[in-house]
Amino acid sequence: GVFTAAASGSAGFVKATVGGVTGQSRVRVIPPLPWTYTFDEDQAPKAWWTANLKATIGAVEGAGNVLVRPRDETVGRRAKLFMGRPDWSNYTVEADVRGVEARRQRGDIGLINQRYGLVLFGNAQKLELHPWQAADEMTVRVPFEWAASTWYRMKLRVENRPDGTALVRGKVWPTGQPEPAAWTIEKVDRIPHLRGAPGVYGDGIADVQYDNLRVYRNQ
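Let me sum up the structure you'll find in this document. (Residues numbered from 1 in each chain as written. Predicted model: local features only at pLDDT ≥ 70, side-chain atom pairs only at ≥ 80, totals over all residues. Heavy atoms only, no water.)

## A few points about the environment of Met138
Then comes step 1: Within the secondary structure, Met138 sits in the loop between strand S12 (126-130) and strand S13 (140-143).
Then comes step 2: Exposure remark for Met138: the relative accessible area of 27% places this residue in the partly exposed category.
Then comes step 3: Note: C-alpha distance between Met138 and Asp189 (51 residues apart in sequence) is 8.5 Å.
Then comes step 4: Once you skip the residues sitting within four places of it in the chain, Met138 turns out to touch Leu129, Pro131, Lys187 and Asp189. (Helix = DSSP H or I, 4+ residues; strand = E, 2+ residues; numbered from the N terminus. Buried < 20%, exposed > 50% of the residue type's maximum accessible area, 1.4 Å probe, protein only. Contact = heavy atoms within 4.5 Å.)

Okay, here's the thing in structure tokens:
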């Protein structure tokens, strides 16, 4: 037989029975770029990897439904939600992000692009760009004050360059205001990640939220 999956992106099981033998396989369909997600449904997109185990959909006044990485006091509170193919490159990820304060603590929130992370730190009030968070000597960071319970737009772009390096650039600005021409932070990586899946990052020491996520080829 032939199974035809929805082109818009889906995930689930395909089960087939022939005579007395039954087989079952998991199938995930990842739609081509560009993507736009506004999280109007009651769960994260099915094509995302394990997202519904790490995040929920919640309502925020003035924004409708948003994706929430809820507060988590366990050692597993740092979550990465991946949503695309691991061999993608030369694309841009952007989203509206918001962090709330709980017990005088604020979580960290960010975007993932081609294995690079752009992260806003809540308690530390800084912006960080890294190829791997544990490699401090390869991390770029700048001070960045951002208010709790306020929406900001984050944008992360990675470009593989002809000389074998990668140009990684990020910017953050208040949602609803014009996008600044200058990038807030950038890095030229001479030992680059040349491909990787898009995603979002959240450290749930307090709720962090995402809305209006876009992933598209560099323009």
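## Concerning the environment of Val200
Then comes step 1: The residue Val200 is located in strand S17 (residues 199-203) in this model.
Then comes step 2: Take Val200: its relative accessible area is 2%, and that puts it in the buried class.
Then comes step 3: Sequence separation between Val200 and Asn113 is 87 residues, and the spatial gap between their C-alpha atoms is 8.6 Å.
Then comes step 4: The residues touching Val200, leaving out its near neighbours within four places in the chain, are Ala79, Lys80, Leu81, Met83, Gly110, Leu111, Ile112, Tyr210 and Leu213.

## Observations concerning the pattern of salt bridges
Then comes step 1: One pass over the full model with this rule turns up 15 salt bridges.
Then comes step 2: A salt bridge links Arg141 to Glu128, with the nearest nitrogen and oxygen atoms 3.1 Å apart. Of the two residues, Arg141 sits in strand S13 while Glu128 sits in strand S12, which places them 13 residues apart along the sequence.
Then comes step 3: Arg141 gets classed as partly exposed once you look at its relative accessible area, which sits at 35%.
Then comes step 4: Ionic pairing is found between Arg141 and Asp136, a salt bridge with its closest N-O pair at 2.9 Å.
Then comes step 5: Within the structure, one salt-bridge network assembled from shared partners comprises Glu94, Asp96, Arg153 and Arg214. (Salt bridge = Lys/Arg side-chain N within 4 Å of Asp/Glu carboxyl O.)

## A few points about the pairing of strand S11 (residues 116-121)
Then comes step 1: Taking burial as the measure, the six residues of S11 include six buried ones, the bulk of the element.
Then comes step 2: The alternating pattern of S11 places Tyr116, Leu118 and Leu120 on one face and Gly117, Val119 and Phe121 on the opposite face, and all of these are buried.
Then comes step 3: Pairing of strand S10 (residues 108-113) with S11, which is carried by five bridges, proceeds in the antiparallel orientation. Across the sheet, residue Leu111 finds its bridge partner in S11, namely Leu118.
Then comes step 4: Turn length for the S10-S11 hairpin, with the two strands adjacent in sequence and antiparallel, is two residues, and the turn residue Gln114 shows positive phi of about 55°. (Pairing = 2+ DSSP bridges.)

## Notes on the packing of aromatic side chains
Then comes step 1: One pass over the structure, following the stated rule, counts seven aromatic pairs.
Then comes step 2: Geometrically, the ring pair formed by Tyr37 and Trp48 is edge-to-face, given 5.4 Å between the ring centres and 85° between the ring planes. Of this pair, Tyr37 sits in strand S3 (residues 35-37) while Trp48 is found in the loop between S3 and helix H1 (51-54), placing the two residues eleven residues apart along the sequence.
Then comes step 3: Given a relative accessible area of 16%, Tyr37 falls into the buried group.
Then comes step 4: Residue Trp48 is classed as buried on the basis of its relative accessible area of 3%. (Phe/Tyr/Trp six-rings, centres within 6.5 Å; stacked < 30°, edge-to-face > 60°.)

## Description of unusual backbone geometry
Then comes step 1: Note the cis peptide between Leu33 and Pro34, where omega equals 10°.
Then comes step 2: Structurally, the position occupied by Pro34 is in the loop between strand S2 (21-29) and S3.
Then comes step 3: Despite not being glycine, Arg115 shows a phi value in the positive range, around 80°.
Then comes step 4: Turning to its location among the elements, Arg115 is positioned in the loop between S10 and S11.
Then comes step 5: Even without a glycine there, the phi angle at Gln125 is positive, about 50°.
Then comes step 6: Along the polypeptide, Gln125 turns up in the loop between S11 and S12.

## Re the pairing of S12
Then comes step 1: Of all five residues making up S12, four are buried, and the element is well covered by its neighbours.
Then comes step 2: Judged from the five bridges that link them, S11 and S12 form a sheet pairing that is antiparallel. The residue bridging Gly117 from the neighbouring strand is His130, located in S12.
Then comes step 3: Count of turn residues in the S11/S12 antiparallel hairpin: four residues, of which Gln125 carries a positive phi of about 50°.
Then comes step 4: Judged from the four bridges that link them, S12 and S13 form a sheet pairing that is antiparallel. From the neighbouring strand, Lys126 faces S13, where its bridge partner is Pro143.

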